[in-house]
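One letter stands for each residue in the lines below.
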Amino acid sequence: MSAKHAALTVADSGKQTELPLIEGSLGPATLDIGRLYRDTGLFTFDQGFVSTASCKSAITYIDGDQGVLLYRGYPIEQLAQNSSFLEVAYLLINGELPDAGQAQVFEHEVTHHTMMHESLKTFMHGFHYDAHPMAMLCGVIGSLAAFYHEQLDIDDAEHRRLAAIRLIAKMPTIAAAAYRYSIGWPIRFPRNNLEYCERFLHMMFEVPSEPLHLKPVAARALDLLFILHADHEQNASTSTVRLVGSTGANPYACVAAGIAALWGPAHGGANEAVLKMLEEIGDASQVARAVQRAKDKDSGFRLMGFGHRVYKNYDPRAAIIREMCHKVLDELGVSDPLLDVAMELEQAALKDDYFVERKLYPNVDFYSGIIYKALGIPTSMFTVMFAIARTAGWVAHWLEQSADASTKIGRPRQIYTGAVRRDYVAVDRR
Ligand code: ACO
């Protein structure tokens, strides 16, 4: 990484500073404004972090204009084609693809940390039967800190590694348990003879009274979705994990905060919102009306699953997932009228000037909801599915930040717009 400098003169004040220009291995050069306030007395304002890098990271690279997504340098298309979710998780965490022995050890470790502490079940039973599974996931993951407090020294690399493994391993167990609790089914134990995604589907759908027969495409589709959702550099939930982590909080608290951030409809809640929107549109003949509504700013309606803060080109994950969506519906023999609505909507938006001019293309969530629905996963679990996958990214970023000695507590500035100084007025004179 080389450092050049850019001179900055603040108009009218005559104040000058020289700001270092940081270049990463890919992407635009970045102006390091850390000394700006000291040298000029000025803050910067960048609502929504549109032009602001919050950290240095070697994990994921996105070129939103070109539609490029790389995990540790590997294109998402190649990983989707050749890899598995657990291999991708290893890659994100460790920086390199595992050799056969490393992959086996990692899989063994994850598999042998999937069990939930029995007391956690009691904790889950405290929720009301109709609690949203994201509410349960957020609370229960946060509570893990209370179960592993003897291995919570964040300055100990082995404690950190173990917490990362535990989070990746237990997230599907807790997610499936939240679902089963909501429908009144007994919680299933994780089965060690199954692979990560197959094991999750068994924990979700197997009943004690009969065996579950899964078509291989179900686990493969889930694995693919998990690969595509595993990381996305400094998205809102990952930035939340990093911000909370910068205070020295434990990893379970950090990931619980990430889950909370993911819950919002502008982020991980979008796949749930897509399905609700498709159901609301109802029929392919109503698509033109929906597109018109989305263009009318007064309607307050947006096409869910369209647009992305970073991709101002086709989301590369959407192209991969679109193909899998058809495969899943074919192989599972699912004919879903919502897919017709989705196809019609995609075509209508791609041809419409409003969407073309603003570069609003379908994003990964546009298709993921349809696949989840075909797999029998209820809508309320869609964001939970995203959380399982994104845990790999969250822990990779938390580990990267925790091992970085230059990490500082994240503490933004503000532009104060409130009342100027004034004196207290007694209640009888207000
Ligand atoms: N439907 C209709 N219009 C839209 C949409 C949409 N989905 N998305 C953006 N626009 C319009 C905005 O009204 C705005 O129009 P204007 O320039 O006339 O004012 C313009 O496009 C730019 O929109 P912004 O909100 O400024 O774009 P931003 O980058 O801040 O937002 C976001 C990105 C939040 C994803 C937005 O496109 C959106 O709300 N999409 C729908 C929700 C969604 O699918 N979220 C999933 C994100 S992906 C993920 O988390 C995995």
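Bear in mind that the values here come from a model prediction, so they are computed numbers and not experimental data.

How each quantity is defined
Residues numbered from 1 in each chain as written. Predicted model: local features only at pLDDT ≥ 70, side-chain atom pairs only at ≥ 80, totals over all residues. Heavy atoms only, no water. Helix = DSSP H or I, 4+ residues; strand = E, 2+ residues; numbered from the N terminus. Rg over C-alpha atoms; globule rule 2.2 N^0.38 Å. Buried < 20%, exposed > 50% of the residue type's maximum accessible area, 1.4 Å probe, protein only. Contact = heavy atoms within 4.5 Å. Areas by Shrake-Rupley, 256 points an atom, 1.4 Å probe, with all protein chains shown as cover. Near = heavy atom within 4 Å. Polar contact = N/O pair within 3.5 Å; in protein donor to acceptor, adjacent residues only side chain to side chain. Nonpolar A, V, L, I, M, F, W, Y, C, P; charged D, E, K, R; others polar. Salt bridge = Lys/Arg side-chain N within 4 Å of Asp/Glu carboxyl O. Phe/Tyr/Trp six-rings, centres within 6.5 Å; stacked < 30°, edge-to-face > 60°. Lys NZ or Arg CZ within 6 Å of the ring centre and 35° of its normal.

Visitor: Even after reading the chapter, I still don't get the overall build of the chain, so can you show me in this structure?
Guide: If you tally the helices and strands in the chain, you get 18 helices and six strands. A globule of 430 residues ought to have a C-alpha radius of gyration of about 22 Å, and the chain, at 23 Å, matches this closely. Dimensions of the chain, computed from C-alpha atoms along their principal axes, come out at roughly 80 × 65 × 60 Å. Classification of the 430 residues of the chain by burial places 45% in the buried group. Put simply, 69% of the contacts in the chain that link residues at least 6 apart link residues at least 24 apart. In the form shown here, the chain has an accessible surface area of approximately 21700 Å², with 52% of it arising from carbon and sulfur atoms.

Visitor: I keep staring at the site of the ligand and nothing clicks. Help me out?
Guide: The full set close to the ligand counts 21 residues, and Lys-297, Arg-302, Leu-303, Gly-305 and Arg-309 are the nearest of them. Here an oxygen atom of the ligand sits 2.9 Å away from a polar atom, N or O, in the side chain of Lys-297. Here a nitrogen atom of the ligand and a side-chain polar atom of Tyr-354 are 2.9 Å apart. Taking 930 Å² as the accessible area of the ligand by itself, protein coverage stands at 75%. Broken down by class, the residue content of the shell around the ligand amounts to ten nonpolar, five polar and six charged.

Visitor: Whenever I open this one, unusual backbone geometry confuses me. Can you help?
Guide: You will see that Glu-233, though not glycine, has its phi angle at about 35 degrees, which is positive. For Glu-233, the position within the fold is in the loop between α9 (216-229) and α10 (236-245). For Glu-233, a relative accessible area of 22% corresponds to the partly exposed category. Unlike most non-glycine residues, Lys-359 shows phi in positive territory, near 55 degrees.

Visitor: Before we go on, may I ask you to explain the pattern of salt bridges in this structure?
Guide: Pairing is possible between side chains of opposite charge, provided their charged atoms come close. Applying the stated criterion to the full structure yields 16 salt bridges. With a closest N to O distance of 3.1 Å, Arg-161 and Glu-158 form a salt bridge. Of this pair, Arg-161 and Glu-158 both sit in helix α7 (residues 157-183), three residues apart, which is roughly one turn of the helix. Each member of the salt-bridge network shares a partner with another, and the members are Arg-35, Arg-38 and Asp-39.

Visitor: How should I be thinking about the packing of aromatic side chains in this particular structure?
Guide: Remark: the centre distance and the inter-plane angle together describe each pair of aromatic rings, the angle taken between the planes. The final tally for this structure, using the stated rule, is 13 aromatic pairs. Between Phe-366 and Tyr-367, the aromatic rings sit 5.0 Å apart at their centres with planes inclined by 85 degrees, giving edge-to-face as the arrangement. Across the pair, exposure class does not vary: Phe-366 and Tyr-367 are buried alike. Here the aromatic residues Phe-306, Tyr-354, Phe-355, Phe-366 and Tyr-367 are joined through ring pairs into a cluster of three or more. The aromatic ring of Phe-301 is capped on one face by Arg-293, whose charged end is 4.2 Å from the ring centroid. Above the plane of the ring of Tyr-354 lies Arg-358, whose end atom (NZ or CZ) is 3.9 Å from the centre.

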